[in-house]
Each structure stands twice: as structure tokens, then as C-alpha cells.
Amino acid sequence: MAAAGPSVFLVMVNGQVESAQFPEYDDLYCKYCFVYGQDWAPTAGLEEGISQITSKSRDARRALVWNFPIDVTFKSTNPHGWPQIVLSVYGPDVFGNDVVRGYGAVHVPFSPGRHKRTVPMFVPESASRLQRFTSWFMGRRPEYTDPRVVAQGEGREGARPPHPGQLDAGGQVG
């Protein structure tokens, strides 16, 4: 009789980044990527993506609607390092440069079924007044070189609280 190898389980995520509320900004787009532990591996779908640029709706909500699809499957032998989705929203500044308007992250739901998540967004802040002035003068705001840092607790001490906006995502986990 052959010895059985380690058993695996699958986590299937399909849904969408529906919309966002960024009252101060317009013409924004969204990027997503997944962060997961070393025992996890994607088996199908896309781990990262970028949406189209959207403008605010003309209704009272003034929402930015993407309806941006997400479909990915992971396998693992261990729940440690459960997947998180990291969302980054970008848009033009007064000079026409794309700058970050918000970062956010949320764990993939642990239970199967239909879920909707509202993700608070934040932006990093310069560590000193000199850096703040320089970034204002150069027209470049501080941003992470790798947005995956948002899913970790370390290195986020200089982030401003969730003032810029929020993002709505919904879908199914199976």
C-alpha cells in the first residue's frame, strides 16, 4: 500500500472590485495583487490585475464604478498565510502624473459563500517636513515601491488614517 502524500485544500475566489468612494478625486483606476504564505500556491486565474479608468457617477453617491472581475484559485496544505488581496488606487494629480490615492488590504473570507467587503484606504505620509516639502515641490507623493507591504504590519507607521476613500469588493469564496 502506497503512503499518502500531504493532503491539500483549494480556495477559489471569484468576484469583483465593484466601486469606490474618493470624494476628492476623479478618473481613478485600481490595481490588485494577492499576498499569501509560503505553503500557498496559485493553481488557476490571475494573481494581479489592473482596471480601466473610471469617472464619478452622476447620481447622488458620486461613486467610482469599476466592476473589475477577480478569479483565482489557490491550493495549500496549511491555513497559515491565508491569502489577502491588496488594492492600490491611482489617479492624476494637478500636473497629470499618476499618483497613489489609496492602499488597502483584506483577507480572503475564511468561509465559503457570498461576501461583500468594504476596504478602508490610506496613503503613506512623508516622515519629515523636508520630505513633505520636497514631495509637494516635485509633484511626487510618497508611495510604496511594492504595494504588497500593505498586507504586512511592519513598515506602515508613517501611514495616514483611512481619510482618502474606501473601496467595495464582493464575490464568492468556495
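From a predicted model like this one, the values you see are computed outputs, not experimental measurements. (Residues numbered from 1 in each chain as written. Predicted model: local features only at pLDDT ≥ 70, side-chain atom pairs only at ≥ 80, totals over all residues. Heavy atoms only, no water.)

Enquirer: Even after reading the chapter, I still don't get the nonpolar core, so can you show me in this structure?
Expert: Nonpolar side chains in soluble globular proteins tend to be buried together. By size, the foremost hydrophobic cluster in this structure holds 24 residues, and its most contacted members are F22, F34, W66 and L87. Residue assignment for this core shows that the elements contributing at least two residues are β1 (9-21), β2 (29-35), β5 (64-76) and β6 (84-92). Per-element accounting of this core gives the leading share, 6 residues, to β5. C33, V35, F122 and V150 belong to the second largest nonpolar core, which has 12 residues in total. (Core = buried A, V, L, I, M, F, W, Y, C linked by side-chain atoms within 4.5 Å. Buried < 20%, exposed > 50% of the residue type's maximum accessible area, 1.4 Å probe, protein only. Helix = DSSP H or I, 4+ residues; strand = E, 2+ residues; numbered from the N terminus.)

Enquirer: Hey, could you run me through the pattern of salt bridges in this one?
Expert: Where charged atoms from two side chains of opposite charge come close, those side chains can pair. This structure, assessed with the given rule, holds 4 salt bridges. One salt bridge in this structure joins E18 and K116, with 3.5 Å as the shortest N-O distance. Placement of E18 in strand β1 and of K116 in strand β8 (residues 113-120) is noted, with a sequence separation of 98 residues between them. On the basis of relative accessibility, which here comes to 54%, the residue K116 falls in the exposed class. Two residues, D146 and R148, come together in a salt bridge whose shortest N-O distance is 3.6 Å. Judged by relative accessible area, which is 36%, D146 ranks as partly exposed. One network of salt bridges, with partners in common, ties together E48, D146 and R148. (Salt bridge = Lys/Arg side-chain N within 4 Å of Asp/Glu carboxyl O.)

Enquirer: Can you walk me through the side chain of Q84 in this structure?
Expert: With respect to the secondary-structure elements, Q84 resides in strand β6. Polar contacts involving the side chain of Q84 include one to the main-chain carbonyl oxygen of A151, which spans 3.2 Å. Not counting residues up to four positions away in its chain, the partners in contact with Q84 are C33, F34, V35, A105, V106, H107, V108 and A151. (Polar contact = N/O pair within 3.5 Å; in protein donor to acceptor, adjacent residues only side chain to side chain. Contact = heavy atoms within 4.5 Å.)

Enquirer: Where do I start with a nonpolar patch on the surface in this structure?
Expert: Where nonpolar side chains cluster on the molecular surface, the patch consists of F133, W136, F137 and M138 and spans about 550 Å² of accessible area. Looking at the element boundaries, W136 is found in helix α1 (residues 129-138). (Patch = residues over 30% accessible without salt bridge, like charges linked within 9 Å, V, L, I, M, F, W, Y side chains within 5 Å. Areas by Shrake-Rupley, 256 points an atom, 1.4 Å probe, with all protein chains shown as cover.)

Enquirer: So what exactly am I meant to see when it comes to the side chain of S76 here?
Expert: As for its placement among the helices and strands, S76 is situated in strand β5. A polar atom in the side chain of S76 sits 2.7 Å from the backbone oxygen of N78. The residues contacting S76, other than those within four sequence positions of it, are S7, V8, F9, D39 and W40.

Enquirer: Any chance you could explain the packing of aromatic side chains here in plain terms?
Expert: Two aromatic rings are characterised by how far apart their centres lie and by the angle between their planes. Scanning all chains against the criterion turns up 12 aromatic pairs. Judged by centre distance (6.4 Å) and plane angle (20 degrees), the rings of F9 and W82 are stacked. Of the two residues, F9 sits in strand β1 while W82 sits in the loop between β5 and β6, which places them 73 residues apart along the sequence. A connected cluster of aromatic rings, assembled from ring pairs, spans F9, Y32, F34, Y36, W40, F68, F74, W82 and F110. Seen from the ring of Y90, K31 lies directly overhead, with NZ or CZ sitting 5.1 Å from the centre. (Phe/Tyr/Trp six-rings, centres within 6.5 Å; stacked < 30°, edge-to-face > 60°. Lys NZ or Arg CZ within 6 Å of the ring centre and 35° of its normal.)

Enquirer: Can you help me understand the pairing of β6 in this one?
Expert: For a regular strand, the rule is simple: side chains alternate between the two faces of the sheet. Where burial is concerned, most of β6 is hidden: 8 out of the 9 residues are buried. Note: β2 against β6, 7 bridges, orientation antiparallel. The partner of Y29 across the bridge, within β6, is Y90. Relative to strand β7 (residues 98-107), β6 is paired through 9 bridges, and the arrangement is antiparallel. Residue pairing in the sheet places L87 in a bridge with G104 of β7. Connecting β6 to the antiparallel partner β7 that follows it, the hairpin turn spans 5 residues, and G96 within it adopts a positive phi of roughly 85 degrees. (Pairing = 2+ DSSP bridges.)

Function-wise, these values are silent; they only describe arrangement.
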